[in-house]
Amino acid sequence: MSTEVQTIASMEGASLLKTSNRRRFNRYARVQFTNKLFKYIFLFSILMLCLVLALVIFFIGKTGILTFKDITLADFFLSMDWTPEEGHFGALAFILNTLSLTGITLLIAVPISVGMAFLLVEIAPEWFKQFVRPVLDLLVGIPSIVYGYLGLTVLIPLLREWSGENLGDGLFAAALVLALMILPTIARVSDEAIAAVPKKYREAAYALGSTRLQVMMRVVLPAAGRGIVAAIILGMTRAIGETMAVVMVIGNTAQFATDLFMPTSVLTSNIVMQISNVEFESTWNYALHMMAFLLLIISFILILIIRLMSRKRRQEA
Amino acid sequence: MSSFVNTNRNKRAKLYNHTATGLFYLLGCSVLLLIFWMLYTILSKGLPDITLDFLTKVPEEMDAGGGIGPVLFNSFYILIISLVISVPIGVGAGIYLAEYAPNNRFTEILRMAVETLSSVPSIVFGLLGLAIFAEYFQIGLTIIGGAVSLAFLNLPMLARVTEEAIRAVPEELRNASYALGTTKFQVIRTVVIPVALQGIITGICLVAGRAFGESAVIILTAGLSTSGEMWDFNLFSPGETLAVHLWYVQSEAIVEDAASIADKSAAVLVFVVLFINLIFRIPLWLNNRRMKQR
């Protein structure tokens, strides 16, 4: 609709302007010129974004691949032995720790945040929503280092008391901190997914005599399922890539975590702890870049899954 | 008269329903309590002891009583440079996606790139900055390196918030403007951007708040030290920011009052982030209310 109006209007405008005097024509030419110019400026901006993405993949990938000049793929991916001083660069422990940390985080965060989303959309009165949504946004804005600091100064002493261990750091402390960090992300995105479920579904279910809980669990949850899963994956990308909050509470010891309360290390925390102490031209540095590249690939795959899911949802709609 | 039969099954369903409602409220209130307790803990531990001296003095390596002057200054300096770089590009990209992008495969790829870029972990941008500035240009850890890397991190989010804000502008406004014979860019400049400005500014504040507290990028690109002077505008001096300072004090500093400095730094950090997030919204929010009352 807009394009029709636009073409007709610009044609009419052009014929009007062409018949007018020379000064007007100059103005017309200038307007047309800036119109074209800015179109290309905006296109250039978005291409800059693509360039940054290309730079990320190129620089991190290029350095990461160099790892395999000195050690084999199996050494890197299948060994748990990370002693760079002796030339062992097995990243398996970090990979597994990252996965289990993300898993535990989601176990804690998903029920709470999806519950919050249901509360906001289905149960709570309007004033409560108006109050809670900005507060959740506030939680997104708090710097990750502050979460880490709170975890270190408040959570870890508490955990030490509860568990009776000498050290509170480890997967559990990190998972609690991360869960609090990704809670608002998951809650707000699933909030939108749940609110997008058509009202008629709910009314049909109420007409059959369902209680509100039955409507929520048997009608709304399945209908909003894909959106909620997308929200969870979005939270996952945040949890996997988070660095500073994790570094402060995880203990930073390169070993595979067999216990919730033992100092350990994940991909991100290991990179940030070691990168500033290594030479550029060393296998150690390459291996750290390979770990970053791995993080990159994991988050790309997660984004791809969200995209495929949302496309399917659009097709079904 | 009611056709509702009070069988056991119905009673059970009602009981579950009421219990669940109660539990949902309990959950919501505990989360809210947790959030406010957290904010209270950070702010109450640090804010009361903050003096002007603390905010402007140079940090001490050995003795107690150091301040956070240079790091606080660096935080704002890096934030502003990064915004100067990223806002025009990010907003431009958002405008392209909302107004120009045709519905084809090329646009699909662009969108994919923006989404992918926004999922890139911040530590990876730190490594990128390290590779470009420390390794390729050989200038070491500097303010400019930190600011550019931070700008990379801001870009995708800026593009997204701008696109959302512009998509919310009603189509009629554009058509009315086209009917007056304007070009596409004139419509964007005189109609779309003024209407979407509130959304765009809110988005920029969100991004600025996040960038102010970002530490993983800065720690790798701007370093763990300052030049030791207040008001150092040199782009090539090391640029430790407040968020990084909090990390440094907590993990490596040897001064005796490290814990109190960390408490105060955390409080200042949270206070500034809240301030950036809230203060810019208040005039817009008031404006919005006035518009609604009319």
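Every value quoted in this text rests on a predicted model; they were computed, and no experiment measured them.

Cut-offs and rules
Residues numbered from 1 in each chain as written. Chains lettered and ligands numbered in written order. Predicted model: local features only at pLDDT ≥ 70, side-chain atom pairs only at ≥ 80, totals over all residues. Heavy atoms only, no water. Contact = heavy atoms within 4.5 Å. Buried area = accessible area lost by both parts, 1.4 Å probe. Salt bridge = Lys/Arg side-chain N within 4 Å of Asp/Glu carboxyl O. Axes fitted to C-alpha atoms, helices over the stretch in contact; angles between N-to-C directions. Helix = DSSP H or I, 4+ residues; strand = E, 2+ residues; numbered from the N terminus. Left-handed = near helix turned anticlockwise from the far one by under 90°. Buried < 20%, exposed > 50% of the residue type's maximum accessible area, 1.4 Å probe, protein only. pLDDT = per-residue confidence, 0-100. Domains from an automatic or database assignment. Polar contact = N/O pair within 3.5 Å; in protein donor to acceptor, adjacent residues only side chain to side chain. Core = buried A, V, L, I, M, F, W, Y, C linked by side-chain atoms within 4.5 Å. Nonpolar A, V, L, I, M, F, W, Y, C, P; charged D, E, K, R; others polar.

(A) Geometry of the interface of chain A and chain B. Listed per partner, the contact involves 82 residues of chain A and 86 residues of chain B. The contact between chain A and chain B buries some 7,500 Å² in all, and 82% of this surface belongs to carbon and sulfur atoms. For the pair chain A and chain B, the interface holds three salt bridges. In this structure, the salt-bridge partner of B:E115 is A:R307, at a minimum N-O distance of 2.8 Å.

(B) Representation of the packing of helix α7 (residues 171-179) of chain B against helix α8 (residues 184-213) of chain B within the structure. All names here are of chain B. Remark: α7 packs on α8, axes separated minimally by 10 Å, with the N-to-C direction vectors making an angle of 145°. Crossing of α7 against α8: the hand is right-handed. Touching L173, R174, S177 and Y178 of α7 are K184, V187, V191, V192 and V195, all from α8.

(C) Main features of the environment of B:N10. Turning to its location among the elements, B:N10 is positioned in helix α1 (residues 8-46). B:N10 sits 117 residues away from B:L127 along the chain, and the two C-alpha atoms are 60 Å apart.

(D) Representation of unusual backbone geometry within the structure. Despite not being glycine, A:N252 has its phi angle at roughly 55°, a positive value. Examined against the element boundaries, A:N252 turns out to sit in the loop between α11 (244-249) and α12 (267-274). The phi angle at B:Q138 is positive, at roughly 60°, despite the residue not being glycine. Following the sequence through the fold, B:Q138 ends up in the loop between α5 (122-136) and α6 (143-167).

(E) Structural view of the side chain of A:T102. All names here are of chain A. Position of T102 among the secondary structure elements: in helix α5 (residues 92-123). Judged by its relative accessible area of 5%, T102 is buried. Residues within four places of T102 in sequence aside, it is in contact with M236, A239 and I240.

(F) Fine view of the confidence of the model for chain A. Confidence along chain A averages 86 in pLDDT terms, with 91% of residues attaining 70 or more. Predicted confidence in chain A is weakest over helix α1 (residues 2-19) of chain A, with a mean pLDDT of 55, and strongest over α5(A), with 93.

(G) Looking closely at the domain arrangement of chain B. All names here are of chain B. Each assigned domain of chain B is listed with its residue range as follows: domain 1 (8-49) and domain 2 (55-293). Spacing between the C-alpha centres of domain 1 and domain 2 amounts to 32 Å. Each partner contributes to the roughly 620 Å² buried at the junction of domain 1 and domain 2, and carbon and sulfur atoms together form 82% of this total. Run the count over domain 1 and domain 2 and you get one salt bridge. Note that K45 and D263 form a salt bridge whose closest N and O atoms lie 3.8 Å from each other. Taken together, domain 1 and domain 2 are joined by zero residue pairs in polar contact (both at pLDDT 80 or more).

(H) Highlighting the domain arrangement of chain A. All names here are of chain A. As far as domains go, chain A holds domain 1 (2-65) and domain 2 (73-316). The C-alpha-based centres of domain 1 and domain 2 are spaced at 40 Å. In this assembly, eight residues from domain 1 lie in contact with eight residues from domain 2. Buried area between domain 1 and domain 2, both sides added, is near 650 Å², and the carbon and sulfur share of it is 87%. Summed over the three residues of domain 1 that lose the most area to domain 2, namely I60, T63 and G64, the buried surface amounts to 61% of that side. Connecting domain 1 to domain 2 are zero salt bridges.

(I) The arrangement of the pattern of salt bridges in detail. All names here are of chain B. Tallying each qualifying case throughout the model produces 14 salt bridges over all chains. As a salt-bridge pair, E163 and R167 come within 3.0 Å of each other at their nearest N and O atoms. With E163 and R167 both in helix α6, this residue pair falls four residues apart, about one helical turn. E171 is paired through a salt bridge with R174; the nearest N and O atoms lie 3.0 Å apart.

(J) Examining the environment of A:V249 more closely. Residues and elements named next belong to chain A. Residue placement: V249 occurs in helix α11. Taking relative accessible area as the criterion, V249 reaches 0% and is therefore assigned buried. Separated by 63 residues in sequence, V249 and I186 have C-alpha atoms that sit 22 Å apart. In this structure, V249 is in contact with G148, G151, L152, I156, D169, G170, A173, A174 and V177, ignoring residues within four places of it in sequence.

(K) The nonpolar core, seen in detail. In this structure, A:V56, A:L101, A:I145, A:Y147, A:M291 and B:F125 are the most contacted members of the largest nonpolar core, which totals 196 residues. Sorting elements by how many residues they give to this core places helix α3 (residues 69-100) of chain B first, with 17 residues. Those residues in contact with A:Y147 that lie beyond four places of it in its chain are A:L139, A:I142, A:V177, A:L180, A:M181, A:A245 and B:M38.

(L) A look at the packing of α5(A) against helix α6 (residues 126-141) of chain A. Residue and element names in this part refer to chain A. Two elements in contact, α5 and α6, have axes whose closest approach is 9 Å; the angle formed by their N-to-C orientations is 145°. Once α5 is placed against α6, the crossing between them reads as left-handed. Taken together, the residues of α6 that come into contact with α5 (itself represented by M116, L119, L120 and V121) are F128, K129, V132, R133 and L136. Within the contact of α5 with α6, the residues separate by chemical class into seven nonpolar, no polar and two charged.

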